[in-house]
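Secondary and tertiary structure notes
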Amino acid sequence: MSEFDVAQVKEIMLASAGAPDGGELDGDIADVEFAELGYDSLAVLELCSQVERRYGITISDDALGEMPTPARAVEYVNLLIEKARV
């Protein structure tokens, strides 16, 4: 089971960045790009910041390119969490 999931992405995005600008977070958003959901790169940086605080991991600035969608963000974050355990 994954430590971090798409539901948590939604929760963090809504709590930190508020409602999307012209986007929608209902339904299956896993493979929809953040920009299409109405979130810009600053909102994704805030997502990263919140994840870092919650899970005690460090997400590099270069990681934004690795996380264009919630599903990719979940995958990337879970890899970092797993590495931190080793």
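Everything that follows concerns the structure shown earlier in this document.
Quick look at the structure, then. Note that the structure is a prediction, hence the values are computed from the model and not measured. As a convention, each chain's residues are numbered from 1 in the sequence order in which they are written. Per-residue local features are limited, in this predicted model, to residues with pLDDT of at least 70; the limit for side-chain atom pairs, both in listing and counting, is 80 or more; totals at the level of whole chains, interfaces and linings are taken over all residues. As a convention, hydrogens and water are excluded, and side-chain values are obtained from all of the structure's heavy atoms.

Right, let's talk about the pattern of salt bridges for a bit. Salt bridge criterion: a side-chain nitrogen from Lys or Arg within 4 Å of a carboxyl oxygen from Asp or Glu. The final tally for this structure, using the stated rule, is 5 salt bridges. For the salt bridge of E3 with R85, the shortest nitrogen-to-oxygen distance reads 2.1 Å. Separated by 82 residues along the polypeptide, E3 in the segment before α1 (6-17) and R85 in helix α4 (residues 70-85) bring together distant segments of the chain. Put simply, R85 and E82 hold a salt bridge, and the shortest N to O gap is 3.4 Å. Residue R85 and its partner E82 are located together in helix α4, separated by 3 residues, close to a single helical turn. What makes R85 exposed here is its relative accessible area of 52%. Going along the chain from the N terminus, every DSSP run of H or I of four or more residues is numbered as a helix, and every run of E of two or more is numbered as a strand. Note on classification: 1.4 Å probe, protein chains only; a residue is buried when its accessible area is under 20% of the maximum for its type, exposed when over 50%, partly exposed between these limits.

Quick look at α4 now. How far a helix is expected to stretch is found by multiplying one less than its residue total by 1.5 Å. Given a rise of 1.5 Å per residue, 16 residues ought to cover 22 Å, and the 23 Å separating the end C-alpha atoms of α4 matches this to within 8%. Among the residues of α4, those classed as buried are P70, A73, V74, Y76, V77, N78, L80 and I81.

Residues enter a nonpolar core if they are buried and are Ala, Val, Leu, Ile, Met, Phe, Trp, Tyr or Cys, with the set joined through side-chain atoms within 4.5 Å. Counting 24 residues, the largest nonpolar core has F4, F34, V51 and I59 as the members making the most contacts within it. Those elements giving two or more residues to this core turn out to be α1, α2 (34-37), α3 (41-55) and α4. Here the element with the most residues in this core is α4; it accounts for 6 residues. In this structure, F34 is in contact with V9, M13, Y39, V44, L47, M67, P68, T69, P70 and A73, ignoring residues within four places of it in sequence. It only takes one pair of heavy atoms within 4.5 Å for two residues to be counted as in contact.

Below, the discussion takes up the packing of aromatic side chains. Here the aromatic set is Phe, Tyr and Trp, taking the six-membered ring for Trp, and pairing holds for ring centres within 6.5 Å; pairs whose planes are under 30 degrees apart are stacked, those over 60 apart are edge-to-face, and all others are tilted. With the rule as written, the count across this model stands at 1 aromatic pair. When the centroid spacing of 5.8 Å and the interplanar angle of 80° are considered together, the rings of F4 and Y55 count as edge-to-face. Of this pair, F4 sits in the segment before α1 while Y55 sits in helix α3; the two residues are 51 residues apart in sequence, bridging distant segments of the chain. For Y55, a relative accessible area of 21% corresponds to the partly exposed category.

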